[in-house]
Amino acid sequence: DSGVTQTPKHLITATGQRVTLRCSPRSGDLSVYWYQQSLDQGLQFLIQYYNGEERAKGNILERFSAQQFPDLHSELNLSSLELGDSALYFCASMRQVMGAGANVLTFGAGSRLTVL
Amino acid sequence: DAKTTQPNSMESNEEEPVHLPCNHSTISGTDYIHWYRQLPSQGPEYVIHGLTSNVNNRMASLAIAEDRKSSTLILHRATLRDAAVYYCILRDVRAPSSGSARQLTFGSGTQLTVLP
């Protein structure tokens, strides 16, 4: 258990629908990152939040949105779903490595979305 | 952003050492070298990182070339559980520990196969 909790683990839905993926970061981590991993594709950065504020955007579609709440959990909303949105969606939180001056990401187990 | 180049795949025999190379010829003086791995059906996990000197931890060793244009992740005795995709990533140390807008960009990594 990495300490980053993602729900649901699996989700099957139809095209045109909307889903919400949830992420709870490790205790004490203020930053949350969302990544998408499609079949045969690498990890694509979507968006980053820090303490409730959006800090960086990657290749996130306009149909997708995210937010981070005061308790630091984050939600990724995917709407008007298309077949191509089927993928693994990973959330990660950032942890400062003590004394090293660099930060590492701790990933959750992911949410597998299947759009039929 | 500085990029990394890794072989697409490598094979190793169980209980033998594995040397996973990474080229980063455009690395800047403030880039840390991070390694993550992704086991099948799991989220990526942090392995090791370094700046200039070689580093060891319980999982692996990181050997960094003197000119820092390449590095090698060393698994001292590969096990079947080490079969994974290994990612070499650069992260600018100037990024603040909190609220950084710099995300970790993952390439395609090296698929390591461990043969029994």
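Not measured: the values here are computed from a predicted model.

## Considerations on the layout of surface pockets
For the largest pocket, the calculated volume is near 580 Å³. As for the largest pocket, its lining consists of 25 residues, of which Asp-1, Ser-2, Thr-106 and Phe-107 of chain A together with Glu-45 of chain B are closest to the centre. Of all the secondary-structure elements, those providing two or more residues to the lining of the largest pocket are strand E1 (5-7) and strand E10 (103-107) of chain A together with strand E4 (45-50) of chain B. Considering every element that reaches the lining of the largest pocket, the biggest residue donor is E10 of chain A, with four residues.

## Brief notes about the pairing of strand E7 (residues 70-75) of chain B
With six bridges joining them, strand E2 (residues 18-23) of chain B and E7 of chain B adopt antiparallel strand pairing. Bridge pairing in E7 of chain B places Asn-23 of chain B opposite Ser-70 of chain B.

## As for the sheet that holds E7 of chain B
Residue and element names in this part refer to chain B. Strand order in the open sheet made by the four strands is E2-E7-E6-E5, with antiparallel pairing throughout. If you trace the sheet from one side to the other, it starts and ends with E2 and strand E5 (55-56), each paired once. By the bridge criterion, two bridges tie E5 to strand E6 (residues 61-64) in an arrangement that is antiparallel. Following the sheet pairing, Val-55 is matched in E6 by Leu-62.

## Focus on the environment of His-34 of chain B
With respect to the helices, strands and loops of the structure, His-34 of chain B is situated in strand E3 (residues 31-38). Spatially, the C-alpha atom of His-34 of chain B lies 9.2 Å from that of Leu-104 of chain B, the residues being 70 residues apart in sequence.

Thresholds applied
Residues numbered from 1 in each chain as written. Chains lettered and ligands numbered in written order. Predicted model: local features only at pLDDT ≥ 70, side-chain atom pairs only at ≥ 80, totals over all residues. Heavy atoms only, no water. 1 Å grid on protein atoms, 1.4 Å probe; cavity = no way out; pocket = protein on both sides within 12 Å on 5 of 7 lines; lining within 4 Å. Points joined across faces, edges and corners; volume = space filled by probe spheres on them. Helix = DSSP H or I, 4+ residues; strand = E, 2+ residues; numbered from the N terminus. Pairing = 2+ DSSP bridges.

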